[in-house]
Amino acid sequence: MTTITIALSKGRIFDETLPLLAAAGIVPTENPETSRKLIIETNRPEVRVVIVRATDVPTYVQYGAADLGVAGRDVMIEHGGEGLYSPLDLKIAKCRMMVAVPEGFDYQNAVRQGARLKVASKYIKTAREHFASKGVHVDLIKLYGSMELAPLAGLADAIVDLVSTGGTLKANKLVAVEDIMLISSRLVVNQASLKVKRETLQPIIDAFAQAVEK
């Protein structure tokens, strides 16, 4: 029996992927929010789900530890996408990548004057490419969480982060000043798996595609 392993992260992506899995006839037997298991069986004996950090999904798929997975566009850009086939924008977990600064900071004026800005972000590659395309000089500071704290603590002038509703920015007296890109999650597939396990994998990919189009 050919085993199929699907890499997912906890939270919003897992929840919004459930209807797509159901469309492919796959139902996880446990919820990762309430289970401590990192490998979750499904109603189909040949299909299992592994729960990993969102940033690790492309790596698990790239090296064949998972046959397919669901990863945000933000994660895929930072990873680089080597060895991965990404056939579908699943149009789930939507948000925007934005530049944000403290209230009262004149970002546009600082950019016009050629100021060198300190920018904190988890998304260094995305931030570097964005500011380089605008000719803005920046010193990038890699952080892994609590991005909104960086300007408040004097670590950075601005941040580059994902924004859904803007509530967290507002609560910390930050404002979004520049839109970088729309983010949604994509299906990623190991290229070798697609060749070797096509008979099992392709129907899952097709079912996802049909569910997205509805």
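The rules behind the values
Residues numbered from 1 in each chain as written. Predicted model: local features only at pLDDT ≥ 70, side-chain atom pairs only at ≥ 80, totals over all residues. Heavy atoms only, no water. Buried < 20%, exposed > 50% of the residue type's maximum accessible area, 1.4 Å probe, protein only. Helix = DSSP H or I, 4+ residues; strand = E, 2+ residues; numbered from the N terminus. Arc of directions from axis to C-beta. Domains from an automatic or database assignment. Contact = heavy atoms within 4.5 Å. Buried area = accessible area lost by both parts, 1.4 Å probe. Salt bridge = Lys/Arg side-chain N within 4 Å of Asp/Glu carboxyl O. Polar contact = N/O pair within 3.5 Å; in protein donor to acceptor, adjacent residues only side chain to side chain. Nonpolar A, V, L, I, M, F, W, Y, C, P; charged D, E, K, R; others polar.

> Explain helix 5 (residues 124-134) to me, please; I cannot follow it from the model alone.
Along helix 5, the residues classified as buried are Ile124, Thr126, Ala127, His130 and Phe131. For helix 5, the angular spread of buried residues about the axis comes to 160 degrees, placing them on one side. Seen from the buried face of helix 5, the exposed residues on the opposite side, beyond 90 degrees, are Ala132 and Ser133. Among the residues trailing helix 5, Gly135 stands out with phi positive, at a value near 70 degrees.

> Help me understand the domain arrangement of the chain in this model?
Quoted interface sizes are often the accessible area lost when the parts come together. By domain assignment, the chain separates into domain 1 (4-94 + 184-213) and domain 2 (95-182). Using only C-alpha atoms to locate each centre, domain 1 and domain 2 end up separated by 30 Å. In this complex, domain 1 contributes nine residues to the contact, which on the side of domain 2 involves 11 residues. Of all residues in domain 1, Asp74, Ile77 and Glu78 give up the largest surface area on contact with domain 2, accounting jointly for 55% of the area buried on that side. Summed over the shared surface of domain 1 and domain 2, the number is zero salt bridges. Inspection of the domain 1/domain 2 interface yields six residue pairs in polar contact (both at pLDDT 80 or more). Tallying contributions element by element places helix 3 (residues 73-79) first for the side of domain 1 that touches domain 2, with four residues. Of the residues contributing to the side of domain 1 that touches domain 2, the split by class is two nonpolar, two polar and five charged.

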